[in-house]
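Observations on the model geometry
Residue strings, one per chain:
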Amino acid sequence: MNFTNTTIGLASDHAGFELKELIKKHLGQRGFNCMDFGAASTERNDYTDYAHALGEAIANREIELGIALCGTGNGMAMTLNKYPSIRAGLAWNVDVAKLISAHNKANILVIPARFVTQNEATRIVDAYLDTPFEGGRHQERINKIMPVT
């Protein structure tokens with residue numbers, strides 16, 4: 001992934017809390033700083049609250065990249081993709097994580113917390129962060145992504 005800021009935003013709901021904490025530790029071991037937008041526990045909460053906090057931080061250019069988790073990942077992805085400056089990609093395995101970086105230049109990785117193991121989650125994160133954007137025809141396609149009114 002091509003980025004200049006080593007701070008990565010993290011957001012989860014109750015279903016993704018434990019994996020978020022594991023990922024935060026993993027990122028620290030890799031030398032990244034984390035800005036944690038919640039959740040703070042496994043107590044029931046609404047993913048939208050944390051998705052909006054992460055989305056606004058990226059929209060306001062406080063950070064460049066984020067990782068979001070909820071049960072299926074879909075709620076986070078749907079909420080985050082409402083922001084014009086965000087391309088949130090849902091990845092449930094390493095291959096998809098590589099492609100959302102290489103082809104879609106996703107600035108937020110979304111992980112379905114109820115459907116991946118801890119080992120898979122850290123491998124997905126590494127694949128996402130370590131895969132460079134290919135540019136070329138993929139940039140042309142990204143240029144065609146715009147809000148529909």
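First, a word on what this report is: a plain description of the structure on this page. (Residues numbered from 1 in each chain as written. Predicted model: local features only at pLDDT ≥ 70, side-chain atom pairs only at ≥ 80, totals over all residues. Heavy atoms only, no water.)

The next point concerns the overall build of the protein. Of regular secondary structure, the protein possesses 6 helices and 5 strands. Reading the secondary structure of the protein in the N-to-C direction produces β-α-β-α-β-α-β-α-β-α-α. Its C-alpha radius of gyration of 14 Å places the protein within 12% of the 15 Å reference for a compact globule of 149 residues. Its C-alpha atoms give the protein principal-axis dimensions of about 40 × 35 × 25 Å. (Helix = DSSP H or I, 4+ residues; strand = E, 2+ residues; numbered from the N terminus. Rg over C-alpha atoms; globule rule 2.2 N^0.38 Å.)

This brings us to the sheet that holds strand 2 (residues 33–36). Strand pairing in a sheet relies on backbone hydrogen bonds, with the paired strands running either antiparallel or parallel. With parallel pairing, 5 strands are arranged side by side in an open sheet as 2-1-3-5-4. A strand with exactly one partner marks an edge of an open sheet, and here the two such strands are strand 2 and strand 4 (88–90). Sheet twist, expressed as the mean angle between neighbouring strand axes with direction ignored, is 25 degrees. Of the pairings in the sheet, the one linking strand 1 (residues 7–12) to strand 3 (residues 65–70) comprises 5 bridges and is parallel in character. Paired with L10 across the two strands is I67, which belongs to strand 3. Where helix 1 (residues 17–29) meets the sheet, it contacts strand 1, strand 2, strand 3 and strand 5 (108–112), and its direction lies at approximately 170 degrees from that of strand 1. (Pairing = 2+ DSSP bridges. Axes fitted to C-alpha atoms, helices over the stretch in contact; angles between N-to-C directions. Contact = heavy atoms within 4.5 Å.)

This next bit is on the pattern of salt bridges. One pass over the full model with this rule turns up 7 salt bridges. Of the charged contacts, one joins D130 and R30 as a salt bridge, the two residues approaching to 2.6 Å between their closest N and O atoms. Here the residue D130 occupies a position in helix 5 (residues 118–130), and R30 occupies one in the loop between helix 1 and strand 2, the gap between them amounting to 100 residues. The exposure class assigned to D130 is partly exposed, which follows from its relative accessible area of 47%. (Salt bridge = Lys/Arg side-chain N within 4 Å of Asp/Glu carboxyl O. Buried < 20%, exposed > 50% of the residue type's maximum accessible area, 1.4 Å probe, protein only.)

The omega torsion across G38 and A39 is 5 degrees, close enough to zero to call that bond cis. Here A39 shows up in the loop between strand 2 and helix 2 (47–59). The phi dihedral of R61 is positive, around 65 degrees, even though this residue is not glycine. Tracing the chain through its elements places R61 in the loop between helix 2 and strand 3. With relative accessibility at 76%, the residue R61 sits in the exposed group. Of note in the backbone geometry, K105 takes a positive phi value of approximately 50 degrees without being a glycine. Following the sequence through the fold, K105 ends up in the loop between helix 4 (94–102) and strand 5. Classification of K105 as partly exposed rests on a relative accessible area of 29%.

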